[in-house]
Amino acid sequence: MLVAAFTWAELAQQLAAGIREGAIYAGLALAIVIIYRTTRVINFAQGEMATFTTFIAWSLMNHGLSFWTAFPVVLAIAFAGGVAIERVVLRPVENAPVLTIVIVTLGLALLLNGLMSVIWGGANRQFHGPFSTRTIDVGGVPISVQDIGIVAVSVGLVVLLALFFRFTKLGLALRAAAVNPESSRLVGIRVGWMLALGWGIAAVLGAVAGMMIAPVVFLDPNMMQTILLYAFAAAVLGGLDSPIGAVVGGILLGVTITLLGRYVGFIGSTLKLPAALMLILVLLLVRPGGLFGRVAVRRV
Amino acid sequence: MILELHNVEARYGPVKALHGISLRVGEGELVAVLGANGAGKTTTLRAVSGTVRRSGDVVFAGKKLSRRPEATARAGIAHVPEGRGTFSELSVWENLRLGGYTRRGNVKHEARRVFEFFPQLESRLDQQAGTLSGGEQQMLALGRAMMARPKLLLLDEPSLGLAPIVVTVIFEALEHMKGGDGMSVLVVEQNASLALAHATRAYVLEVGKVVVEGTGDELRTNESVRRSYLGY
Amino acid sequence: MRSRLWLELSGFTLLALAVAALPRFISDFRARELAIVGMYFIALIGLSILTGYSGQISLGHGAFMAIGGYTTAVLSVNGVYGHQIRDLWTIPIAGVIAGLAGLLVGVPALRLSGLYLALITFGIAVSFPQLPKKFDHFLGGTTGKILDLAKPPFGLATTPNNWMYYLTWGIALVLLGAAWLLVRGKTGRALKAIRDSEVAAASSGVKLATYKTLAFGISAFYAGVAGSLYAIANAYVNPDVFPIILSVYLVVGLAVGGLESLVGLIAGAGLIYFLQNHADTVARWINQLPALNLDPKQPGIPSMIFGVVLIVVMLLLPTGAGGVARRLFGSLTTRFYTRS
C-alpha cells in the first residue's frame, strides 16, 4: 500500500479540512438529535429538507439578494416549513409504531427530492457562498477563509442553541416536553407545539448546514444524501440522545474520515462512506449508547 | 364554589372507572377524597385535570373546564399526580421554573415562598430532581405546584411512603397555603385520619360513586366510615 | 383454520394458473414488464419475512439485490478460473452469496434495536455503490459489466422476454410457496413471537439470535435472487442499475402491499415498477387536476409520487393493501409492532 509523502503542514491542512467537514456533519447531526430527543423519531428527510431550503436560498440570490439578506429569510422559511411538516405529516402518526414513522419520513424525503427536481431541475448548480475561497496563512498553514467561516458559523449556531436550551423558558419547556410529556402538560406546556418547534429548529439547523456546504460541493437535489449518512453516523457516534455528542461526534467523524481518506491508500476517496459505516457499527457493538448517550436497559 | 363536578364519568379504554361523581370544592376549602383501592379517587383528580377521558360537567371558577391538561393548568389548576410528576432528569431549580411556566415575568417571588415552606430545596437547586430523597421529591412536587399560584391544587396521596415528620411538614404547608392565599385543595389520601384532621369536608368513594359526604368532623363520627377507613 | 388453508391453497393455484396463462394474452413487451414486476415481488417476499414477520427493519435491501446482480455478472462474464457460468445457474449462487451477506449483517443487527437497524441498513444502501467504483477492474466501475443477452435454454421456442417472464414467475411461485411454508411453520411462529415481544419470546425458549439472524439471511437470499434475475433481464449491471433509492422503493412496495400479506406484495411490486417506468402516465393523470401542469418527462416525478403515495398510505391505511383485503375478508387480526 502506497502512502503519499508525509509533511506536517499537510497534516495540519487535512485536519482543518476535516474540522470543516465535521462542522457540517455536526450541524446536521444536531438537527437529527433534536428531533430524536423531542419526538423519538429519526428524520430521514433531514437531508432533503436542508437541500430544499438551500435551493430556496439559491433562488433568492438569483433574484438579486445578497447571501446575508437571503440568510435570515431562508431560516424563517425553514422554521415555518419544519413546523408545518410536523403538524401536517407527523402529527397523525405521533403514536404509531416506529416503522410507520420511519416510512413516513422516507416518504417525505422522496417527495421533497422529487419536488426539487421538478422545480429546479436535476442539474448541478454553482452556489455562491458568503466566504471567499482565498487561503490565508494561519501559523504557517494555509487555510481557506471559507473553511474558517463554515466552522465559525457552525460553532456560533451551536452556542446560540445551547444558550437557548439552557437559559430561556421556551428552551426549558422543550427539554421538559422531551423527557416527560405527561408532566409537561400538567404544568401547562403545549407539548404538541413543542414537538413542532423541535422540527422547526431542526429545519433551521439543516438549512444552515445546507447553505454552508453548497458552495463547497455543488447544489443538486441529492447534495445531502451522503452528508446525511455521515450526519447519522455522527449522531450515533455521539449518542442519539446527546446534543453535545452530536457536535463532538461530527467533528471527530469529519477529522477521522478525512485523515483515513488521505493517509490510508486502500480507503482513498471511494471507501470513505463504507469506512464511516464500519466505524459506527463497531462503536455500536462496543458502546451501544454512543460516546455520550445513555444505554437504555432492556427490562425483562 | 371554585370547582363543581356534576355526574362525571371516566373510563380507561373499555373499563369505566367513574360512574357519575358529583362533588364541590369551595374557595379556601381543603376537601379530602377517601376510599379503598380502585374506588376511583385518583381517577377523580385525573378527570378534573383532563389526564383521563371524561364526560359530564366540570365547572371551574364559574366556567366550563377544558378537557385538555395543558388548558386546565393554564386555567389555574395544579395537579400533583401519583408518582409526583417531577422531571427527574432536570434540576430542582428547573423543575420550579417549569412549575411557574404559565406565569408571566419573574418567578423569583413565588420561589421565595416555596423556600419559606421547604428550606431544604433551596440548598439543592442545581441537583437533579431524580436524586432527591422521597420526602424532598414530594416537597419539590408541591413546590412546583405552588410556583403556578394555582386557584386549586389537586394532590394525590401526598403522604405515601413518607416519614411521619415529613408528612407533618407537608400538611402544615397545605394549611398555610389555603389560609393565606385562599387556595383550595382537593386531596386524595389513603390515611383517612390524617386527611380528616385537616379537611374542611370529605367525600367517600366506593366503586366509582360517592357514598358518603360531609364535614371532616361529621365523617369522623360516622359509624361506617369509622369502621371501614379509620379502623377503630 | 382448515378453511383458511384451503383458501390459501386455492389462491395459490389460481395465481399459478394465471401466471401460466397470461403470456397468451399480452404482448412481448408487457411480458418483459411483468417479469420485472416478478423480480420486485421476489425481493418483497424476502423483505416481508424480515420486516413483516421478524419485525426487523431493512432500508438496505437494494444493496442485497445489487450483490445478487453483481454475483451473476461476475460469474457469467469473468467466470471462475476463466470458465464462464451460464446465467441460469448463477441465480441460486447469487441468492446464496447475498444470503451470506445478509447473515453477516444479521449478526450485528441482533444488538441493534429498530431505529439503529434502520440507520445501519440505510448506511449499507448508501455506501454499497462505492464498492464497484473501488474494485473497478473486478466489478466494472461506474460503467459496469455487460452480460450476454438472455436467451431461452434447451432450444425452447420462445422469445427472450417470454423466457424471462416464465423464469421469473416460476421462481417467484416456488419462493412464494417456500415462504408460505416457512411462515406457517415453527419458524414463522418463532419470528412472529419475536416481533411481538422479544422478551416474551426469549422467555418461552425461542432462540432470538438464531431466528433473527436467520430471517436476515433468508430475506437477503430472496433479494439476491431478485437482483440476479434483474441483471440477466437487463443484460448489464452498474451502480445505477441498483440505485440507493431502490432500497426505499422496496420499503414503499412493502408498505403498500401490507407487511405480512404475501400476496398483497404483488400489488406493491406492481406499484414499484409502474411508478418508476410510467411516471409520465401518472403525471398526465395529475395534470387533469385544475391548476397543475407538470412536464410528464420530468425526472423528479416518480420520486414525488412515491413520496406522496407512501405518506398517504401510512396515514390512511397503515396496514397496506394486504391489510385492507384481510380486513374486508374478516380473517385474522392485523397486528403491528410497537415502538421499542
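Right, let's walk through the structure included here. One numbering rule holds for all chains: residues counted from 1, following each sequence as written. Written order determines the labels here, with chains lettered from A and ligands numbered from 1. A pLDDT threshold of at least 70 governs which residues receive local features in this predicted model, and a stricter bar of 80 or more applies before side-chain atom pairs are shown or counted, although totals over entire chains, interfaces and linings include all residues. To obtain the side-chain values, all non-hydrogen atoms of the structure were included, while hydrogens and water were left out.

**Looking at the overall build of chain C**
Here is step 1 of the chain: Secondary structure elements follow DSSP: runs of H or I of four or more residues count as helices, runs of E of two or more count as strands, with numbering from the N terminus. Summing up its helical and strand segments, chain C has 16 helices and two strands in all.
Here is step 2 of the chain: Here a residue-residue contact requires only that any non-hydrogen atoms of the pair lie within 4.5 Å. Relative to all contacts within chain C whose residues are 6 or more apart in sequence, the contacts with residues 24 or more apart total 79%.

**Looking at the environment of Thr168 of chain A**
Here is step 1 of the chain: For Thr168 of chain A, the location among the structural elements is in the loop between helix 5 (145-167) and helix 6 (169-179).
Here is step 2 of the chain: Separated by eleven residues in sequence, Thr168 of chain A and Leu157 of chain A have C-alpha atoms that sit 16 Å apart.
Here is step 3 of the chain: Excluding anything up to four places from it in sequence, Thr168 of chain A contacts Leu163 of chain A together with Arg97 of chain B.
Here is step 4 of the chain: In the analysis that follows, any N or O atom pair within 3.5 Å is treated as a polar contact, provided that within protein one partner can donate a hydrogen and the other can accept it, and provided that, for residues neighboring in sequence, both atoms belong to side chains. Polar side-chain contacts of Thr168 of chain A include one of 2.6 Å to the backbone oxygen of Phe164 of chain A.

**Some details on the interface of chain A and chain C**
Here is step 1 of the chain: On the chain C side, the residues contacting the 53 residues of chain A number 48 residues.
Here is step 2 of the chain: Using a 1.4 Å probe, buried area is obtained as the accessible area two parts lose upon being combined, added over both of them. The junction of chain A with chain C conceals about 4,400 Å² of combined surface from both sides, 80% of it contributed by carbon and sulfur atoms.
Here is step 3 of the chain: Its largest share of buried area at the contact with chain C, chain A owes to Leu99, Ile103 and Leu110 of chain A, together 15% of the area lost on that side.
Here is step 4 of the chain: Here, a salt bridge means any Lys or Arg side-chain nitrogen found within 4 Å of an Asp or Glu carboxyl oxygen. Across the contact surface, chain A and chain C share zero salt bridges.

**Remarks on empty space enclosed by the protein**
Using a probe with the size of a water molecule, rolled over the atoms, empty space left in the structure can be pinpointed.
Here is step 1 of the chain: Each cavity reported here is a set of points on a 1 Å grid over the protein atoms alone in which a 1.4 Å probe fits but cannot get out, each pocket an open set with protein on both sides within 12 Å along at least five of seven lines, and each lining residue one with an atom within 4 Å of a point. Grid points are joined across faces, edges and corners, and a volume is the space filled by probe spheres set on the points. Applying the stated criterion to the full structure yields seven cavities of 30 Å³ or more.
Here is step 2 of the chain: Counted as a void, the largest cavity has a volume near 130 Å³.
Here is step 3 of the chain: What lines the largest cavity is Phe44, Glu48, Leu106, Ala109, Leu110, Asn113, Gln225 and Leu228 of chain A together with Phe122, Ile244, Ile245 and Val248 of chain C.
Here is step 4 of the chain: For the lining of the largest cavity, the elements supplying multiple residues, two or more each, are helix 4 (98-120) and helix 9 (225-238) of chain A together with helix 12 (244-257) of chain C.
Here is step 5 of the chain: Here the lining of the largest cavity takes four residues from helix 4 of chain A, the largest share from any one element.
Here is step 6 of the chain: Following the grouping adopted for this structure description, the nonpolar residues are Ala, Val, Leu, Ile, Met, Phe, Trp, Tyr, Cys and Pro, the charged ones are Asp, Glu, Lys and Arg, and the polar ones are all others, Gly among them. Class assignment for the residues of the lining of the largest cavity results in nine nonpolar, two polar and one charged.

**A short note on the interface of chain B and chain A**
Here is step 1 of the chain: Counting residues at the interface gives 22 residues for chain B, matched by 22 residues for chain A.
Here is step 2 of the chain: Both faces combined, the contact of chain B with chain A buries some 1,900 Å², and carbon together with sulfur accounts for 60% of it.
Here is step 3 of the chain: Between the two partners, chain B and chain A, sit two salt bridges.
Here is step 4 of the chain: Two residues, Glu94 of chain B and Arg175 of chain A, come together in a salt bridge whose shortest N-O distance is 2.7 Å.
Here is step 5 of the chain: Summed over the shared surface of chain B and chain A, the number is five residue pairs in polar contact (both at pLDDT 80 or more).
Here is step 6 of the chain: For the side of chain B that touches chain A, the secondary structure elements donating two or more residues are helix 2 (69-75) and helix 3 (92-99) of chain B.

**A short note on the packing of aromatic side chains**
Residues and elements named next belong to chain A.
Here is step 1 of the chain: Classification of ring pairs uses Phe, Tyr and Trp, with its six-membered ring standing for Trp, and accepts pairs whose centres are within 6.5 Å; under 30 degrees between planes counts as stacked, over 60 as edge-to-face, and the remaining range as tilted. Here the structure, examined in full by the defined rule, presents 20 aromatic pairs over all chains.
Here is step 2 of the chain: When the ring of Tyr25 is compared with that of Tyr230, the centres are 4.9 Å apart and the planes differ by 25°; the resulting orientation is stacked. Here the residue Tyr25 occupies a position in helix 1 (residues 8-39), and Tyr230 occupies one in helix 9, the gap between them amounting to 205 residues. For the pair Tyr25 and Tyr230, one class covers both residues: buried.
Here is step 3 of the chain: Feature note: the residues Phe67, Trp68, Phe71, Phe127 and Phe131 constitute an aromatic cluster, connected by ring pairs.
Here is step 4 of the chain: Across from the ring centre of Tyr263, 5.1 Å away, lies the NZ or CZ of Arg262, which sits over that ring. The cut-offs for exposure are 20% and 50% of the maximum accessible area for each residue type, with area from a 1.4 Å probe on protein chains only; residues under the lower value are buried, those over the upper are exposed, and the others partly exposed. Charges are assigned to positions over rings by a cutoff of 6 Å between ring centre and Lys NZ or Arg CZ, combined with an angular limit of 35 degrees from the ring normal.

**Here's the deal with a positive patch on the surface**
Here is step 1 of the chain: In this scheme, patches are assembled from residues that exceed 30% relative accessible area and form no salt bridge. Like charges are connected within 9 Å, while nonpolar side chains (Val, Leu, Ile, Met, Phe, Trp, Tyr) are connected within 5 Å. Only the protein chains shown count as covering a residue, and every accessible area follows the Shrake-Rupley method with a 1.4 Å probe. For the purpose of charge, His is not counted, nor are the chain termini; Lys and Arg are scored as positive and Asp and Glu as negative. Charge placement uses NZ in Lys and CZ in Arg. For Asp and Glu, CG and CD serve respectively. A surface patch of positive charge is lined by Lys169 and Arg190 of chain A together with Arg74 and Arg104 of chain B.
Here is step 2 of the chain: Tracing the backbone through its elements, the reader meets Arg104 of chain B in the loop between helix 3 and helix 4 (108-117).
Here is step 3 of the chain: Judged by its relative accessible area of 79%, Arg104 of chain B falls in the exposed class.

**Side note on the sheet that holds strand 5 (residues 63-64) of chain B**
Residues and elements named next belong to chain B.
Here is step 1 of the chain: Note on pairing: two strands pair once DSSP finds at least 2 bridges between them. Judged by pairing direction, the sheet is antiparallel, and its four strands sit side by side in the order 2-1-4-5 without closing on themselves. Only two strands of the sheet have a single neighbouring strand rather than two, namely strand 2 (15-25) and strand 5.
Here is step 2 of the chain: Pairing geometry for strand 1 (residues 3-12) and strand 2, over eight bridges, is antiparallel. Bridging across to strand 2, Tyr12 finds its partner in Val15.

**Regarding the pattern of salt bridges**
Residues and elements named next belong to chain B.
Here is step 1 of the chain: Taken as a whole, this structure holds 16 salt bridges over all chains when the rule is applied.
Here is step 2 of the chain: Ionic pairing is found between Glu9 and Lys16, a salt bridge with its closest N-O pair at 3.2 Å.
Here is step 3 of the chain: As a salt-bridge pair, Glu122 and Arg112 come within 3.1 Å of each other at their nearest N and O atoms. Remark: Arg112 occurs in helix 4 and Glu122 occurs in helix 5 (residues 119-122); sequence separation between them is ten residues.

**Focus: helix 9 of chain A**
Residues and elements named next belong to chain A.
Here is step 1 of the chain: Each residue after the first adds 1.5 Å to the expected span of a helix. Between its first and last C-alpha atoms helix 9 spans 20 Å; for 14 residues at 1.5 Å apiece the expected length is 20 Å, and the two agree.
Here is step 2 of the chain: Most of helix 9 sits out of view: twelve of its 14 residues are buried.
Here is step 3 of the chain: Of the residues one or two after helix 9, Gly239 is the one with positive phi, at around 100°.

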